[in-house]
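# Architecture and fold: a report
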Amino acid sequence: MDTKELWKNCLSGIEADVSKANFSTWFKNTSILKEEMGVIYVGVPNEFVRDWLKNKYHKLITKTIAGAYENMRAVEYTITKAEAGRQEIPRTENNYINRELPLKDLYINPDDNLNSRYRFDSFIVGSFNELAYAAAQAIIESPGTKYNPFFVYGATGLGKTHLIQAVGNSIKEKFPGKKVHYLTLEKFATDFVNSLQNNKANSFKEKYRKYDLLIIDDIQFIGKMEKIQEELFHTFNTFHENSKQIIFSSDKHPNHIPELADRLKSRFAAGMIVDITEPEYESRLAILKVKLREMNVDLDQEVVEYVASAIQGNIRELEGSLNIIVCQYRLKNKPVSLSEAKSLLKNNLRPKKNVAIKDVVKTVSDYYNLEETTIYEKTRRKEIVKARQVVMYLLREDFSVSYPLIGQKLGGKDHTTVIHSYLKIKGDLKNDPQLLQEVEQIRILFK
Amino acid sequence: MKIDCGVEKIKNGIFQAERVTGKNLTLPVLNSILLIASGKSLKLRATNLSLGIEIEIPAKIEKEGTLAIPGGVLADVFSNILDTESVSLESVDGNLMVKTKRNKVKVKGQPWDDFPTIPTVSGTEFKIEAQKVIDGIKSVYYSSAVSDVKPEISSVYIYSNEDNLIFVATDSFRLAEKKIKVRGAEAMSVLIPFKNIPEILRVFGELQGEVKICFNKNQVSFSAENTYLTSRVVNGIFPDYRQIIPKESKTEAVVLKQELLGALKLSNIFSDKFNQVNLRIAPKEKIFELSSANNDVGENKTHLDAALSGEAVELSFNFKYFLDCFQSIPTDSLSIKLLGAARPIVVAPLSDPSFTYLIMPMNR
């Protein structure tokens, strides 16, 4: 349905029924915003107009719209933002001579701390984050009931903040009455400490508990803060009891946050814990394309593909690299060639992961609580054999060290022994969840 | 309608309501003040669809009723009424008869069916001493942008932060911020359109006691005693100004307000069409010098006694922007902090952190 056309038709009908003065006073700057389940939302410039349309012209408006649109069930009035404001201030002599204060438009809404630029429109979904995305959508459908708490974790720069803020923004749109609040753990902690200093612990509790949706970012730092853990625990319980949604993000799985109280761990686990992994090539390509569209720049396909393949992992770095190329493009005002792109990015490429074999041995032996030297020894004690095999597996799988080299470094083993160990762990991982968890945890230690 | 009431009370009410009536609007009835007599009081109502006011005046009601009377005419009538005790108002055939001992006036009424209602605001509510709000608004509102192009800055921004209510206004060339201590301030954040500020100041400027403020994202209201004033709020977000207030400084000067005022006024005689005045501070030589030059008029240089520290600096600014902030500086001395010729000048009352004023220097 074309709401513009519909409103135009309605206005011409209404114009015939009211005086000219009334029409131009009350119907100027009005529009139909949307139609939802038969409810027509009429946008009005301010509350004076809303009150008056409701009191005086509601019957007329309803009748006119119903005449033009038969599926209409009701009419609602919503106050819209004035159109002005997007224009630039005209340059006068005064602005030319007088410097301006470098005021920046604020994107962060001071009421809820949400950045309105984080929305799902610009969120790329790929296999690396589809589970998190699906869970987020379910939460927007019915906040507080399905996955409460919602715990997102993943390495830095993979879009955790984008995802959780987009949930906040969507819920705010869908349920205008709900009070949403976003903050980082650090803010929560400073607030708490301040409230203790000023003897206002109660107002702190009230402040947070009045929200309907609380989003806490970067929760991983909670480890050492015992008092904050306790406070968060109580806040969390209040939210949970009242079926209010609470969302956390962290760069680690709750089980790996050091010194996290068990009661919090189990509370986190009661909801939904999902991870966001690194985007694969196709998703990286999609992300780059969306960014280019936002920036309104057209780059060669092969350049874009090169960036997507060269910069792996972190989305933030991906954007940074793209910015370098776009900047060059704007500066020179001609397309950037593949070789130019390569030379531009050469400093941004991270060297391939180079880990000394010794470090891997140390990390794994520490993890299994063994002496580092035992790994190199010729012993067949069960726990040592397992650790040694894990070392070999990781060296091969994650760091692409050759079989003979692994054998040589680990006490002069034959390369076939290494192959056997590698395949054994690889096979066991499929059947042994305990082992899988161990390997995953060791991997996190490398990051 | 037939009522009796005190002249002074209705006079004040009419003067206040008249300021709010709509001028040059397409709907003629908005020029009027609506008089509603019911119960034990007379209500005066006026609106220009951005501001709305309702004033309740105790009156002896003999017969209830409603009338819409052009605000300008009504105000003129009451400013010239001779008697000071009581006045009777009566509607006769849609016109208003005003009678005192010596005057008998008939004013033509207007049909009032089209007179709009005034929104009642529901949302967060709190009470505060009226003078605190007035002081906060008065301290900053002259810095607002006059043009409507950017509604966010063509307004006064009021928000709360811990125990402070903070008032801010800027036109992007200068900025004023005033912090007022308030006990238990509600979380608040509103942008009141600059155009509505003078009326708010006028209506509550003299009020002693508390005013109740109520706001939501579309509307704010102030109510006290028998007056209810409501204004639309700007639907937008004020720029992130806190990050541009310099935290350190390279040059500092403390001067007497009166001396600086005199020097600025003198400089103005010789300033150019951009109101440009030059400032030179050289702490080592103990120089604080204001100068200006105009080819057609002449030139001047003034040295002021000042406590100086830091690096030498030379810059020019629009003297008008500087002069504006004197009304918000109650102390005898003021402090000027600079960070070089291209960064904002920070002006504040000496040892009073509640007011901060930023002026952007001019390109030379």
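Heads up: the structure comes first, above all this text.
Now for a quick tour of the structure. Bear in mind that the values here come from a model prediction, so they are computed numbers and not experimental data.

Across its full length, chain B holds 6 helices and 26 strands. When the accessible area of chain B is evaluated, it comes to approximately 16000 Å², of which 47% is carbon and sulfur surface.

Moving on to the nonpolar core. Ranked by internal contacts, the top residues of the largest apolar core, which has 96 residues, are B:Leu89, B:Leu260, B:Phe288 and B:Phe317. Excluding residues that lie within four positions of it along the chain, B:Leu89 makes contacts with B:Met1, B:Lys2, B:Ile3, B:Ile10, B:Leu35, B:Leu42, B:Phe78, B:Leu96, B:Met97 and B:Val98. With 47 residues, the next largest nonpolar core counts A:Ala135, A:Ile171, A:Met272 and A:Ile276 among its residues.

Residue and element names in this part refer to chain A. Per the stated rule, a full pass over the model turns up 25 salt bridges over all chains. Here Asp191 makes a salt bridge to Lys207, at a shortest N to O gap of 2.7 Å. Taken together, the positions of Asp191 in helix H7 (residues 185-197) and Lys207 in helix H8 (residues 201-209) put the pair 16 residues apart, joining distant regions of the chain. Of the residues examined, Asp191 reaches a relative accessible area of 16% and is grouped as buried. Overall, the relative accessible area of 30% leaves Lys207 in the partly exposed class. One salt-bridge network, in which partners are shared between bridges, spans Lys187, Asp191 and Lys207.

All names here are of chain B. Read across the sheet, 8 strands follow the order S6-S2-S3-S4-S17-S16-S15-S10 without closing on themselves; strand pairing throughout is antiparallel. A single partner strand is all that each edge strand has here, and the edge strands are strand S6 (65-70) and strand S10 (124-129). Averaged over all pairs of adjacent strands, the angle between their axes in this sheet comes to 15 degrees, without regard to strand direction. Here strand S15 (residues 210-215) pairs with strand S16 (residues 219-224) via 4 bridges, running antiparallel. When the sheet's bridge partners are listed, Ile213 is paired in S16 with Phe222. Here helix H4 (residues 197-204) sits on the sheet in contact with strand S4 (51-58), S15, S16 and strand S17 (227-232), set at roughly 165 degrees to S17.

Residue and element names in this part refer to chain A. At a closest axis distance of 11 Å, the pairing of helix H11 (residues 281-295) and helix H13 (residues 315-332) adopts a crossing angle of 45 degrees. What the angle tells us is that H11 and H13 run oblique. Viewed along their axes, H11 and H13 form a crossing whose handedness is right-handed. Contact with H11, carried on its side by Arg284, Ile287, Leu288, Lys291, Leu292 and Met295, involves Ile315, Leu318, Glu319, Leu322, Asn323, Val326 and Arg330 of H13 and no other residues of that element. For the contact of H11 with H13, the class distribution of residues is 8 nonpolar, 1 polar and 4 charged.

So, how was this worked out
- Numbering of residues starts from 1 in each chain and follows the order in which that chain's sequence is written.
- By the order in which they are written, chains take letters starting at A while ligands take numbers starting at 1.
- Per-residue local features are limited, in this predicted model, to residues with pLDDT of at least 70; the limit for side-chain atom pairs, both in listing and counting, is 80 or more; totals at the level of whole chains, interfaces and linings are taken over all residues.
- Working from all heavy atoms in the structure, the side-chain values ignore hydrogens and water.
- Only runs of H or I of at least four residues qualify as helices and only runs of E of at least two qualify as strands under DSSP, and these elements are numbered from the N terminus.
- Areas reported here follow the Shrake-Rupley algorithm with a probe of radius 1.4 Å; residue values treat only the protein chains shown as occluding.
- Throughout, nonpolar core names a set of buried Ala, Val, Leu, Ile, Met, Phe, Trp, Tyr and Cys residues whose side chains join them through atoms within 4.5 Å.
- Accessible area is worked out with a 1.4 Å probe on protein chains only. A residue is then buried under 20% of its type maximum, exposed over 50%, and partly exposed in between.
- Note on contacts: a residue pair is in contact if any heavy atoms of the two residues lie within 4.5 Å.
- Criterion for a salt bridge: a side-chain nitrogen of Lys or Arg within 4 Å of a carboxyl oxygen of Asp or Glu.
- A pair of strands is treated as paired once DSSP finds two or more bridges between them.
- Comment: axis = line fitted to C-alpha atoms, over the contacting stretch for helices; angle = value between 0 and 180 degrees taken between N-to-C directions.
- Any angle that is under 35 degrees is reported as roughly parallel, and any over 145 degrees as roughly antiparallel; angles of 65 to 115 degrees are reported as roughly perpendicular and all others as oblique.
- The sense of a crossing depends on the near helix, which, turned anticlockwise from the far helix by less than a right angle, makes the crossing left-handed and, turned clockwise, makes it right-handed.
- Throughout, the ten residues Ala, Val, Leu, Ile, Met, Phe, Trp, Tyr, Cys and Pro are labelled nonpolar, Asp, Glu, Lys and Arg are labelled charged, and all others, Gly among them, are labelled polar.

The values reported here are purely geometric and, on their own, carry no functional implication.
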